[in-house]
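Listed below are the residues making up each chain.
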Amino acid sequence: VPSQLLISYLDCCIAMLVETPQGSTSGFAGIEAAAGPAALAGASAGELALAQSQALKASGNDAFREGSLEVALHNYGEALQILETCGLQDFALRATLASNQAICLLKLDRPGEAEERASAALAADPGHSKAVYRRGWARLLLGDGQGAWEDLQKAVRLEPQNREVRARCEEARRLAATAAPDDNELSVAEHAAAALGAGGGLYEEKHDVNEGRLAETHKEQRDWISGISAWAEISDVAFADEQDKSCISVYMTLPGVHEIPANKVCIWFRASSLEVRVVDLNGKNWCWVAQELWGQIDPDRCTYKIRRDKLSLKLSKRQSARSWDRW
């Protein structure tokens, strides 16, 4: 009796054989092109599905090189659909396919869709350099200077020799410098200030969570955090040097962080360490802890901001500390 996985896979192949754009490679012909007829005999359903996805990716690459962007976009989408339907957890392939969709959409002048596809690629692989660059490019085209600059700074760190990436990063920096704070950031700041001004807040020394700094340690804050045992690590973290080299920017992607109460974001800056705790975001508690930073920082001059779906931290380098060149 065929397994449910094989049935699902055959359904995928039949659907693609019925309707496939001109110029694309699909169905069992695509598997034969990628693996050869002899390899099909003893292959499992999962291996067949993976081979088909890779064949569609190769066909999409050929179409892209020929300028057939819609055909390429279709093939990458079909390859992703096979992975989804058959439950294959090949995150590297998923990231590459979604990133390839993003570049097709950028060249088709559809930056909104390109941003979504690049974000999907980064959900599968947060360190995918091309996806980071393509999302930054898409955000630049959408007029999101700050978002573009943050992505493109990370792209520069991942591909420091890429002139195109560096040029777009500088373009995003100029756009971000001229942009006014968005309504959401102002709202976060107002709510934070109101909450803390009422007296007895967790951050008594910090009047504006969107522009100030946290107190070194508050017993009440620490007692609250110490009572929580389940933490998930913040995985999408990027570091970038500021132009004047006096501080390091840290960007932590946390979807929805701008929507939770400001006092659920706890940050401790110390001379040689950094600790970030975010409580009850999307049903989880999140943390990122650096017990030993590469260079020392000046805690009194370090700041952070809550932005849409991310935290933005500025680590002020301590002048007497050792070199920060490796950052």
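What counts, and at which threshold
Residues numbered from 1 in each chain as written. Predicted model: local features only at pLDDT ≥ 70, side-chain atom pairs only at ≥ 80, totals over all residues. Heavy atoms only, no water. Helix = DSSP H or I, 4+ residues; strand = E, 2+ residues; numbered from the N terminus. Buried < 20%, exposed > 50% of the residue type's maximum accessible area, 1.4 Å probe, protein only. Contact = heavy atoms within 4.5 Å. Areas by Shrake-Rupley, 256 points an atom, 1.4 Å probe, with all protein chains shown as cover. Expected span 1.5 Å × (residues − 1). Pairing = 2+ DSSP bridges. Phe/Tyr/Trp six-rings, centres within 6.5 Å; stacked < 30°, edge-to-face > 60°. 1 Å grid on protein atoms, 1.4 Å probe; cavity = no way out; pocket = protein on both sides within 12 Å on 5 of 7 lines; lining within 4 Å. Points joined across faces, edges and corners; volume = space filled by probe spheres on them. Nonpolar A, V, L, I, M, F, W, Y, C, P; charged D, E, K, R; others polar. pLDDT = per-residue confidence, 0-100. Polar contact = N/O pair within 3.5 Å; in protein donor to acceptor, adjacent residues only side chain to side chain. Salt bridge = Lys/Arg side-chain N within 4 Å of Asp/Glu carboxyl O.

**Focus on the overall build of the chain**
Reasoning step 1: Helix and strand counts for the chain come out as 12 helices and 8 strands.
Reasoning step 2: The burial tally for the chain puts 48% of its 327 residues in the buried class.
Reasoning step 3: Contacts in the chain between residues far apart in sequence, at least 24 positions, make up 60% of those at least 6 positions apart.
Reasoning step 4: When the accessible surface of the chain is split by element, carbon and sulfur atoms take 50% of a total near 16200 Å².

**A word on helix H6 (residues 91-107)**
Reasoning step 1: Relative to the 24 Å expected for 17 residues at 1.5 Å per residue, H6 spans 25 Å between its end C-alpha atoms, a close match to the ideal helical length.
Reasoning step 2: For H6, the buried fraction is high: 13 of the 17 residues fall into the buried class.
Reasoning step 3: The first or second residue beyond H6 is Asp109, which carries a positive phi of 60°.

**Details of the sheet that holds strand S4 (residues 265-269)**
In sheet architecture, strand pairing relies on hydrogen bonds along the backbone and comes in two forms, parallel and antiparallel.
Reasoning step 1: Read across the sheet, 4 strands follow the order S1-S6-S5-S4 without closing on themselves; strand pairing throughout is mixed. With one partner strand each, in any of the chains shown, strand S1 (232-233) and S4 form the two edges of the open sheet.
Reasoning step 2: Looking at chain direction, S4 and strand S5 (residues 274-281) are connected through 5 bridges and run antiparallel. From the neighbouring strand, Phe269 faces S5, where its bridge partner is Leu274.

**A few points about the side chain of Ser312**
Reasoning step 1: Mapped onto the elements, Ser312 comes out in strand S8 (residues 310-316).
Reasoning step 2: Residue class for Ser312 comes out buried when judged on its relative accessible area of 5%.

**A closer look at the packing of aromatic side chains**
Reasoning step 1: With the rule as written, the count across this model stands at 2 aromatic pairs.
Reasoning step 2: Residues Tyr133 and Trp137 carry aromatic rings whose centres are separated by 5.9 Å and whose planes lie at 35° to one another, so their mutual orientation is tilted. Residue Tyr133 and its partner Trp137 are located together in helix H8 (residues 129-141), separated by 4 residues, close to a single helical turn. Comparing Tyr133 with Trp137, the two get one shared label, buried.
Reasoning step 3: Ring centres of Phe239 and Trp288 lie 5.8 Å apart, and the angle between their planes is 55°; on these two criteria the pair is classed as tilted. Of this pair, Phe239 sits in strand S2 (residues 237-241) while Trp288 sits in strand S6 (residues 284-290), and the two are 49 residues apart along the sequence.

**Observations regarding the pairing of S6**
Reasoning step 1: The element S6 is largely enclosed, with a buried count of 5 among its 7 residues.
Reasoning step 2: Taken together, the 6 bridges between S5 and S6 define a ladder with antiparallel strand orientation. Note on S6: the bridge partner recorded for Leu274 is Ala290.
Reasoning step 3: Hairpin connection from S5 to S6: 2 residues lie between these consecutive antiparallel strands, with Asn282 at a positive phi of about 55°.

**Regarding empty space enclosed by the protein**
Reasoning step 1: Taken as a whole, this structure holds 1 cavity of 30 Å³ or more when the rule is applied.
Reasoning step 2: Approximately 110 Å³ is the volume found for the largest cavity.
Reasoning step 3: What lines the largest cavity is a set of 14 residues, and nearest its centre among them are Arg135, Asp151, Lys154, Asp236 and Thr253.
Reasoning step 4: Elements supplying a minimum of two residues to the lining of the largest cavity: H8, helix H9 (145-158), S2 and strand S3 (247-253).
Reasoning step 5: Residues that form the lining of the largest cavity fall into these classes: 6 nonpolar, 1 polar and 7 charged.

**A few points about the confidence of the model for the chain**
Reasoning step 1: Within the chain, residue pLDDT values average 77, and 69% of them lie at 70 or more.
Reasoning step 2: Within the model, pLDDT remains below 50 along residues 23-35, and this stretch shows 32 contacts once partners closer than five positions in the same chain are excluded.
Reasoning step 3: For the stretch residues 195-217, pLDDT sits under 50, and the model shows 61 contacts to residues farther than four places along the chain or on other chains.

**A word on the side chain of Gln101**
Reasoning step 1: Following the sequence through the fold, Gln101 ends up in helix H6.
Reasoning step 2: Within the structure, the side chain of Gln101 is placed 2.8 Å from the side chain of Arg117, a separation counted as a polar contact.
Reasoning step 3: Excluding residues that lie within four positions of it along the chain, Gln101 makes contacts with Leu73, Tyr76, Gly77, Leu80 and Arg117.

**Notes on the pattern of salt bridges**
Reasoning step 1: Taken as a whole and assessed by the stated rule, the structure comprises 16 salt bridges.
Reasoning step 2: Arg65 is the salt-bridge partner of Asp62, the closest N and O atoms lying 2.5 Å from each other. A residue pair is termed a helical-turn pair when its members lie 3 or 4 positions apart in one helix, as Asp62 and Arg65 do in helix H4 (residues 45-65) at 3 residues.
Reasoning step 3: Arg65 sits in the exposed class, given a relative accessible area of 62%.
Reasoning step 4: Taking the shortest distance from any N to any O, the salt bridge between Asp151 and Arg139 comes out at 3.0 Å.

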